[in-house]
Amino acid sequence: MRTRTPIGYVVEVNHGIISLNLLAEQQGQVASHFQGITSVGDVGSLLAVEGGERLYVFKVTGLKFSEPREVHNPSLNSRKTNNEPLRQIHGSIIGWLSKSEFNPDSMSSPTLGAQAFPLSKEESALVIGGSMPSNELTLGKELRTGVDVTSTLNNLLAQHVAVLGSSGQGKTGFTAAILQQLATKPHSRIVVFDINGEYDQAFRSVDNPEEYLIENARYEQTVIGGTDENGFKIPYYALGREGLARLLLPSEKTQRPALSFAIKNLPYVEWDERHGGAKLHGGEVCLFDDCRSERAQEASAAIALLRAGGSHHTQSWPHMSALGPLIADSYCLARRGQGFERASFQYSNISPLITRLHRLIEDPQFNAVVNLEGKPNPEERSLADESKDFVGTIFGTSDSRWNVHVVNLKMVPQDLMPLILGSVLELYAQTLFQRGQGASSPTLLVLEEAHHYLRPMPDGDSMESSLAYERLAKEGRKFGLSLWLSTQRPSEVSPTVLSQCNTWVTFKLNSEKDLNAVSNACEWADRKEVSRITGLARQHAIIFGGATKVPICIKSPTANPTPDSSDGDFDSWSALE
């Protein structure tokens, strides 16, 4: 401190709020010292306050004129008063520096009269995170000092990340810039749910679009519903019991048991399109989903055989329509006299589920992304086998060579997105948890435009909100999964999912509901920090949480190349022909 001239001293400590009087010679906007010039009167700037062996770091939160009074540190040899009002700075201690290390600590406070000094560039770098070991990422530049803001991979990704901001403020560009750094790590595994088909461009070479920033073998793109070589339609049966239940939203008490029975017995029935019903292998069509009166006795015998496990594999997966007859006849068949009939009262309990199934099957947009047709199954593979293959296709296996897998979802209609992506993530969660801890490679799952599908969906019983993603958010960390949520409407995302995020990168938000969602979900976002969010410029963000030691306002890095998410060129309207 001997090389620096003090700029003020502590005059009040009140419930964590520290007040400094500025010295007369430092009552301008900046203080000069041998390391350069430091801002003095700027809200958000950092100063140093002496504390014995420690050097407290003081963050400015407010400025004020105070009436003249004789309250001075005796060591400053200043006893005179003048008619000029004192300039005061208010703020709080955010931590302390000791032995070239910054330690966050908001509970400590300096003594009255302690002198305040400008921070050196090296000290600012320690607070902000200016060192750059090989395992660190650059998150951007601190807005006032220009120092690189960095984070280790574990600090950023060991727990979930939320990137928030209104449309056009820089979320996608920031995410792409970070992913471009992560993609170069030799053992990275990144899965991107690309809602608008923007990210493929961010991984292509600027000079040669046919080449990628990383080796071609380490990058893969799958277009859900696409028709080219990268296209892929989700086999409905590969969604398994968990995924199909999320897709069809059965009620818990009545519909779910019938759906579980139907899914379990899919390998043992064949679909007959001409008769609009299903049959056992080698039998006649007797199972229907419309509560018709005929062939009820045969249907009862078929259901009984399925329940007893006495039926044979059909050597093929049936059309998705086969679910309907299995659901209906497993639930609505009732004994009448010496025989059986389809009871209309019982059928009414499961008819909403049958209706939802028909609507999906008849929806051409659903058909475009989900494969409803069956396929040969001579090896008698189980649903679990098919589900395992599907999870491996999307999220990778131990044999996968790619570091980045972009799952292009632009063909998935928005109204079906919560159902389809909910089914995929429900299946992934089930697979991940069954493997156990330490059995899966650490994976970053990037969920773009999360408000479209990480939102409440009504269940079949009480129409209360239920989400497929909350278990992944709460438990996925222990199984090596890190979620990266990007959304412009945090108020429409599950509060449970948001509350599990450990790092928050918040660009400009305008809606009071969105600001309240941030304030309620994030323990680091106090009222003063949240109030600054509405005034952020484009490509500027506040980072708080686990990735940085203190909340920091940054200018986000620019992706190169950029994702395909630029604004429309309306200046072209004025161009001459």
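Residues numbered from 1 in each chain as written. Predicted model: local features only at pLDDT ≥ 70, side-chain atom pairs only at ≥ 80, totals over all residues. Heavy atoms only, no water.

## With respect to the side chain of Glu-386
Stage number 1. Within the fold, Glu-386 resides in helix 10 (residues 383–395).
Stage number 2. At 3.0 Å, the side chain of Glu-386 and the side chain of Trp-317 are in polar contact.
Stage number 3. Setting aside residues up to four positions removed in sequence, Glu-386 forms contacts with Tyr-237, Ala-238, Trp-317, Lys-375 and Arg-381. (Helix = DSSP H or I, 4+ residues; strand = E, 2+ residues; numbered from the N terminus. Polar contact = N/O pair within 3.5 Å; in protein donor to acceptor, adjacent residues only side chain to side chain. Contact = heavy atoms within 4.5 Å.)

## Considerations on the pairing of strand 14 (residues 219–224)
Walk down a regular strand and you will see the side chains alternate between the two sheet faces.
Stage number 1. The element strand 14 is extensively covered by neighbouring structure, given that 5 of its 6 residues are classed as buried.
Stage number 2. Two strands pair when backbone bridges link them, and strand 14 and strand 22 (residues 404–408) are joined in this way by 5 bridges, in the parallel orientation. In the sheet register, Val-223 faces strand 22, and the bridge partner there is Asn-408. (Buried < 20%, exposed > 50% of the residue type's maximum accessible area, 1.4 Å probe, protein only. Pairing = 2+ DSSP bridges.)

## Some words on the environment of Ser-423
Stage number 1. Take Ser-423: it is sitting in helix 11 (residues 417–435).
Stage number 2. With 184 residues separating them in the primary sequence, Ser-423 and Leu-239 have C-alpha atoms 6.7 Å apart.
Stage number 3. The residues contacting Ser-423, other than those within four sequence positions of it, are Leu-239, Gly-243, Arg-246 and Leu-247.

## A closer look at the packing of aromatic side chains
Stage number 1. In the structure shown here, the tally under the stated rule is 11 aromatic pairs.
Stage number 2. Plain terms: the ring middles of Phe-203 and Tyr-219 are 5.5 Å apart, the flat faces sit at 35° to each other, and that makes the pair tilted. Remark: Tyr-219 occurs in strand 14 and Phe-203 occurs in the loop between strand 13 (190–194) and strand 14; sequence separation between them is 16 residues.
Stage number 3. Accessibility expressed as a relative area gives 7% for Tyr-219, which makes it buried.
Stage number 4. Joined through ring pairs, the aromatic side chains of Phe-174, Trp-484 and Phe-507 make up one cluster.
Stage number 5. Its end group placed over the ring of Trp-402, Arg-189 keeps NZ or CZ at 5.3 Å from the ring centre.
Stage number 6. Lying across the ring of Phe-261, Arg-307 places its NZ or CZ 4.6 Å from the centre. (Phe/Tyr/Trp six-rings, centres within 6.5 Å; stacked < 30°, edge-to-face > 60°. Lys NZ or Arg CZ within 6 Å of the ring centre and 35° of its normal.)

## Re helix 14 (residues 512–521)
Stage number 1. Turning to helix 14, its buried residues are Asp-514, Leu-515, Ala-517, Val-518 and Ala-521. Axial view of helix 14: buried residues confined to an arc of 155°, hence all on one face. Structural note: helix 14 exposes Glu-512, Lys-513 and Asn-520 on the side pointing more than 90 degrees away from its buried face.
Stage number 2. Elements in contact with the buried residues of helix 14: strand 12 (160–164), helix 13 (495–499), strand 27 (501–506), helix 15 (527–533) and strand 28 (540–545).
Stage number 3. Its side-chain oxygen at 3.2 Å from the backbone nitrogen of Lys-513, Ser-511 defines the N-terminal cap of helix 14. (Arc of directions from axis to C-beta.)

## A short note on the packing of helix 5 (residues 255–264) against helix 8 (residues 344–362)
Stage number 1. Orientation of helix 5 relative to helix 8, taken along the N-to-C sense of each, is 55°, at an axis distance of 9 Å. Taken together, the axes of helix 5 and helix 8 lie oblique to each other. By crossing handedness, the relation of helix 5 to helix 8 is classed as right-handed. Across the interface between the two elements, Gln-255, Ala-258 and Leu-259 from helix 5 touch Asn-349, Ile-350, Pro-352, Leu-353 and Arg-356 from helix 8.
Stage number 2. Its residues placed into classes, the contact of helix 5 with helix 8 shows 5 nonpolar, 2 polar and 1 charged. (Axes fitted to C-alpha atoms, helices over the stretch in contact; angles between N-to-C directions. Parallel < 35°, antiparallel > 145°, perpendicular 65-115°, else oblique. Left-handed = near helix turned anticlockwise from the far one by under 90°. Nonpolar A, V, L, I, M, F, W, Y, C, P; charged D, E, K, R; others polar.)

## Points about the pattern of salt bridges
Stage number 1. Counted under the stated rule, the structure contains 18 salt bridges.
Stage number 2. Glu-426 is the partner of Arg-246 in a salt bridge, and the nearest nitrogen-oxygen pair spans 3.8 Å. Placement of Arg-246 in helix 4 (residues 240–248) and of Glu-426 in helix 11 is noted, with a sequence separation of 180 residues between them.
Stage number 3. For Asp-389, the salt bridge identified is with Arg-381, shortest N-O distance 2.2 Å.
Stage number 4. A relative accessible area of 21% places Arg-381 in the partly exposed class.
Stage number 5. Connected through salt bridges with shared partners, the residues Lys-375, Arg-381, Glu-386 and Asp-389 form a single ionic network. (Salt bridge = Lys/Arg side-chain N within 4 Å of Asp/Glu carboxyl O.)

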